Amino acid sequence: MGKKDKFKDELMDKLVSLCKRRGFVFPSSEIYGGINACWDYGPLGAEMKRNVKDFWWKEMVHKRDDIEGLDAAILMHPQVWITSGHVAEFSDPLVDCKKCKSRFRADEIEVTVCPNCGGELTDPRKFNLMFKTFMGPVEDEASIVYLRPETAQGIYVNFLNVQGPSRQKVPFGIAQIGKAFRNEITPGNFIFRTREFEQMEMQFFVHPSEDEKWFEYWREKRWQYYLDLGIRKEKLQWHEHGPDELAHYAKKAYDVQYEFSFGWKELEGVHNRTDFDLSRHSEASGKDLRYWDEVKKEKYIPYIIETSAGCDRTILTCLVDAYHEEEVKGETRVVLRLSPKIAPYKAAIFPLVNRDGMPEMAHKLCDDLQRRFKVFYDDSGAVGRRYRRMDEAGTPYCITIDGQTLQDETVTVRDRDTMEQTRHKMAEIQDLLEKKING
Ligand code: GAP
């Protein structure tokens with residue numbers, strides 16, 4: 001590992017520790033020693049997660065006339081997963097070390113012996129990644145159901161249920177955000193690969209002759225989305241799936257990748273799933289899922305262009321990309337330069353001292369702003385310390401009520417990134433924040 005890599009790995013460790021310290025993310029069931037690769041989002045993490053999901057929903061659903069939202073059940077008819085190919089195909093090749101019993105994904109190790117102890121490895125065998133459970137009181141084959149490994153299937157089986165009432169015409173899309181579960185062989189890298197995670201998926205239904213045009217359209221849109229989230233362009237790249245990487249349903253696939261300390265890794269997949277899913281569900285269910293084009297007087301199964309992003313992975317990316325350390329007056333300042341759109345708190349409100357009417361004015365401003373934004377009131381410790389705490393939380397603006405406020409009702413607004421302070425009328429703060437956060 002080179003010096004630069006070591007530094008980057010140290011950064012990841014520091015980020016994990018910051019997340020615990022500030023209440024973004026911590027190990028699940030920690031008092032019992034945690035459970036492998038399951039994480040809980042604390043107060044700041046829960047806010048940030050909501051903001052990430054809201055931003056995606058706004059871009060993909062609210063700002064468009066041609067995309068509808070959906071919230072399908074996690075548990076689905078087990079036939080869905082047989083038809084979709086997941087029961088037969090959704091597996092990774094697994095090898096065990098005969099000596100130390102470690103497990104590896106065969107496609108992730110480059111050696112033929114155990115990377116831990118050099119022991120002999122078993123032949124690879126297929127390991128299905130779906131979690132199974134039982135529905136109802138009897139635990140037999142007939143009552144097996146699966147925790148969905150992707151949210152997409154809930155969209156396919158509801159294609160006509162959504163299209164009918166919404167009176168959408170092809171091309172149009174259906175979007176949903178929800179939990180997915182995969183019994184990953186090698187989870188890890190904090191919240192990068194977990195066994196329970198959230199997906200933000202959109203399936204766009206198009207005429208088969210227009211699949212390539214729409215594929216390129218969505219690639220462009222989804223690239224811009226990450227730039228709009230404030231992620232540095234030079235840390236992003238496209239990766240096209242080769243024939244050996246393509247999922248069983250895909251004709252063409254590109255991943256948006258981010259350069260983490262552990263390599264370039266997938267954030268989101270854009271897939272051309274053709275008519276694979278709708279044709280298979282149509283055949284297996286006996287329901288005609290063809291779309292009737294009234295203008296062209298044509299009935300056909302649409303092709304699907306899918307954009308599939310991980311919410312937890314987006315959060316990790318935003319945190320990694322935002323983490324900065326810098327020297328300020330001989331001290332190290334840790335700052336999360338998160339986009340104000342997704343920062344947990346939009347502003348912090350400080351009375352300079354806890355007397356002379358300053359707390360009362362600060363509380364009043366806080367109450368006013370709370371109707372519109374998530375803000376944080378802090379009156380403990382020196383103001384410099386309060387700034388530092390908010391820098392670590394990624395809070396873009398700190399508003400201080402001081403002696404001058406009592407005379408002319410102006411406050412200081414301190415910018416997290418430049419640390420510059422400007423004075424503004426208290427009555428104008430709400431509009432100012434609105435402009436800075438939502439443009
Ligand atoms: N419906 C298509 C689909 O699920 P995928 O490439 O397997 O495609 C899409 O997953 C996205 O879901 C990934 O790009 C990633 O962001 C997220 N994802 C997948 N597995 C994950 C895991 N084990 N932990 C966290 N996020 C995961």
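To keep things clear, this report deals only with the structure shown in the data block. (Residues numbered from 1 in each chain as written. Predicted model: local features only at pLDDT ≥ 70, side-chain atom pairs only at ≥ 80, totals over all residues. Heavy atoms only, no water.)

**Description of the overall build of the protein chain**
Summing up its helical and strand segments, the protein chain has 13 helices and 23 strands in all. Each principal axis of the C-alpha atoms in the protein chain carries an extent, and together these give about 75 × 65 × 50 Å. The 439 residues of the protein chain split such that 50% are buried. Taking the intrachain contacts of the protein chain between residues at least 6 apart in sequence as the baseline, contacts between residues at least 24 apart amount to 64%. Within the structure as shown, the protein chain displays about 21600 Å² of accessible surface, and the carbon and sulfur contribution to it stands at 49%. (Helix = DSSP H or I, 4+ residues; strand = E, 2+ residues; numbered from the N terminus. Buried < 20%, exposed > 50% of the residue type's maximum accessible area, 1.4 Å probe, protein only. Contact = heavy atoms within 4.5 Å. Areas by Shrake-Rupley, 256 points an atom, 1.4 Å probe, with all protein chains shown as cover.)

**Quick look at the pattern of salt bridges**
One pass over the structure, following the stated rule, counts 44 salt bridges. Across the pair Arg 333 and Glu 326 runs a salt bridge whose closest N-O atoms are separated by 2.8 Å. Across the salt bridge formed by Asp 417 and Arg 416, the nearest N and O atoms sit 2.7 Å from each other. With relative accessibility at 3%, the residue Arg 416 sits in the buried group. (Salt bridge = Lys/Arg side-chain N within 4 Å of Asp/Glu carboxyl O.)

**A closer look at helix 9 (residues 311–322)**
Taking 1.5 Å of rise per residue, 12 residues should cover 16 Å, and helix 9 covers 16 Å from first to last C-alpha, within 8% of that figure. When you tally the buried positions in helix 9, you get 11 out of 12 residues, the bulk of the element. Among the residues of helix 9, Cys 311, Asp 312, Arg 313, Thr 314, Ile 315, Leu 316, Thr 317, Cys 318, Leu 319, Asp 321 and Ala 322 are the ones counted as buried. (Expected span 1.5 Å × (residues − 1).)

**With respect to the packing of aromatic side chains**
A full pass over the atoms with the stated rule returns 21 aromatic pairs. Ring plane angle 45° and centroid distance 6.3 Å describe the contact between Trp 56 and Trp 57, whose orientation is recorded as tilted. With a centroid separation of 6.0 Å and 50° between ring planes, the pair formed by Phe 215 and Tyr 254 is classed as tilted. Highlighted residues: Phe 215 in helix 7 (residues 211–228) and Tyr 254 in strand 12 (residues 252–260), separated in sequence by 39 residues. A residue is classified by how much of its surface remains accessible, and Phe 215, at 2% relative accessible area, is buried. Joined through ring pairs, the aromatic side chains of Phe 192, Tyr 258, Phe 260 and Phe 262 make up one cluster. (Phe/Tyr/Trp six-rings, centres within 6.5 Å; stacked < 30°, edge-to-face > 60°.)

**Details of the site of the ligand**
Taken together, 22 residues lie near the ligand, and Glu 150, Glu 184, Thr 194, Glu 201 and Glu 266 sit nearest. Contact distances for the ligand include 2.6 Å between a nitrogen atom and a side-chain N or O atom of Glu 150. Between the ligand and Glu 184, the relevant distance is 2.8 Å, taken from a nitrogen atom to a side-chain nitrogen or oxygen of the residue. In isolation the ligand offers 550 Å² of accessible surface; the protein chains occlude 93% of this area. More than half of the atoms belonging to the ligand lie within 2 Å of the grid points that define the largest pocket. At the level of elements, strand 10 (196–206), strand 13 (263–274) and strand 16 (303–310) are the ones that each hand at least two residues to the shell around the ligand. For the shell around the ligand, the element with the most residues is strand 13, which contributes six residues. Of the residues assigned to the shell around the ligand, the class counts are six nonpolar, six polar and 10 charged. (Near = heavy atom within 4 Å. Polar contact = N/O pair within 3.5 Å; in protein donor to acceptor, adjacent residues only side chain to side chain. 1 Å grid on protein atoms, 1.4 Å probe; cavity = no way out; pocket = protein on both sides within 12 Å on 5 of 7 lines; lining within 4 Å. Sits in = over half its atoms within 2 Å of the grid points. Nonpolar A, V, L, I, M, F, W, Y, C, P; charged D, E, K, R; others polar.)

**Re the side chain of His 207**
Note on placement: His 207 falls in the loop between strand 10 and helix 7. Within polar-contact distance, the side chain of His 207 engages the side chain of Ser 209 at 2.8 Å. With near-sequence residues (within four places) excluded, His 207 lies in contact with Val 170, Lys 296, Glu 298 and Tyr 300.

**Quick notes on the nonpolar core**
Phe 24, Trp 218, Tyr 226, Leu 319, Leu 336 and Leu 338 are the most contacted members of the largest nonpolar core, which totals 61 residues. Considering each element in turn, this core owes the most residues, seven residues, to helix 2 (residues 43–62). Among residues more than four places away in sequence, those in contact with Trp 218 are Met 60, Arg 64, Ile 67, Met 202, Phe 204, Val 270, Ile 305 and Thr 307. Counting 20 residues, the second-largest nonpolar core is a separate cluster that includes Ala 362, Tyr 377, Val 413 and Ile 429. (Core = buried A, V, L, I, M, F, W, Y, C linked by side-chain atoms within 4.5 Å.)

**Quick look at the sheet that holds strand 12**
Reading across the sheet, the seven strands line up as 3-9-10-16-13-12-11 and stay open at both edges, with mixed pairing between neighbours. Two strands in the sheet have a free side with no partner beyond their single neighbour: strand 3 (67–69) and strand 11 (236–240). With direction set aside, neighbouring strand axes in the sheet form an average angle of 25°. Sheet analysis places strand 12 next to strand 13, joined by nine bridges and oriented antiparallel. When the sheet's bridge partners are listed, Asp 255 is paired in strand 13 with Gly 269. Contacting strand 3, strand 9 (172–181) and strand 10, helix 6 (residues 159–166) runs over the sheet at an angle of about 140° to strand 9. Docked against the sheet, helix 9 engages strand 10, strand 12, strand 13 and strand 16, running at close to 35° with respect to strand 12. (Pairing = 2+ DSSP bridges. Axes fitted to C-alpha atoms, helices over the stretch in contact; angles between N-to-C directions.)

**A word on the sheet that holds strand 6 (residues 125–128)**
Within a sheet, each strand pairs with its neighbour through backbone hydrogen bonds, oriented either parallel or antiparallel. Spatial ordering of the open sheet is given by 5-4-6, a layout of three strands whose pairing is antiparallel. Two strands bound the open sheet, and with one partner strand each, they are strand 5 (103–105) and strand 6. The average angle at which neighbouring strand axes cross in this sheet is 45°, direction not considered. Sheet topology note: the strand 4 (residues 91–96)/strand 5 ladder contains three bridges and is antiparallel.

**Here's the deal with the pairing of strand 16**
The buried count for strand 16 comes to eight of eight residues, which makes it a mostly enclosed element. In strand 16, alternate side chains face the same way, and those of Tyr 303, Ile 305, Thr 307 and Ala 309 on one face and Ile 304, Glu 306, Ser 308 and Gly 310 on the other are all buried. Of the strand pairs in this sheet, strand 10 and strand 16 are connected by eight bridges, and their pairing is antiparallel. What sits directly across from Gln 203, in strand 16, is Glu 306. Here six bridges tie strand 13 to strand 16, and the two strands are oriented antiparallel to one another. Along strand 16, the bridge assignment pairs Gly 269 with Ser 308.

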